[in-house]
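The lines below spell out each chain.
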Amino acid sequence: MTNPMENPNGTYVVLKNKDGQYSLWPSFLDIPGGWNVIFGEDNRDNCMNYIETNWKDLSRI
């Protein structure tokens with residue numbers, strides 16, 4: 001079985017938690033508690049671009 005987090009042909013969503021952390025998540029899996037969908041469903045590249053554009057790492061500010 002391949003890792004569903006790295007399937008280049010998969011469909012994903014972007015999740016965000018209350019601490020402002022982001023996660024790439026396969027769209028076919030249930031959303032874990034404490035996380036909300038903020039982008040997608042879309043392909044992996046578009047979801048990763050969304051995360052890279054929107055996640056502000058507060059430790060670097």
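Overview of the structure. (Residues numbered from 1 in each chain as written. Predicted model: local features only at pLDDT ≥ 70, side-chain atom pairs only at ≥ 80, totals over all residues. Heavy atoms only, no water.)

## Considerations on the pattern of salt bridges
Then, in step 1: One pass over the full model with this rule turns up 1 salt bridge.
Then, in step 2: One salt bridge connects D19 with K18, and the closest N-O pair in it is separated by 3.5 Å.
Then, in step 3: On the accessibility criterion, K18 (79% relative accessible area) is exposed. (Salt bridge = Lys/Arg side-chain N within 4 Å of Asp/Glu carboxyl O. Buried < 20%, exposed > 50% of the residue type's maximum accessible area, 1.4 Å probe, protein only.)

## Description of the nonpolar core
Then, in step 1: In this structure, Y12, V14, Y22, L24, C47 and I51 together form the largest nonpolar core, which totals 6 residues.
Then, in step 2: Only β1 (11-17), β2 (22-26) and α1 (44-54) provide two or more residues apiece to this core.
Then, in step 3: In contact with C47, not counting residues within four places along its chain, are Y12, V13, V14, L24, F39 and D42. (Core = buried A, V, L, I, M, F, W, Y, C linked by side-chain atoms within 4.5 Å. Helix = DSSP H or I, 4+ residues; strand = E, 2+ residues; numbered from the N terminus. Contact = heavy atoms within 4.5 Å.)

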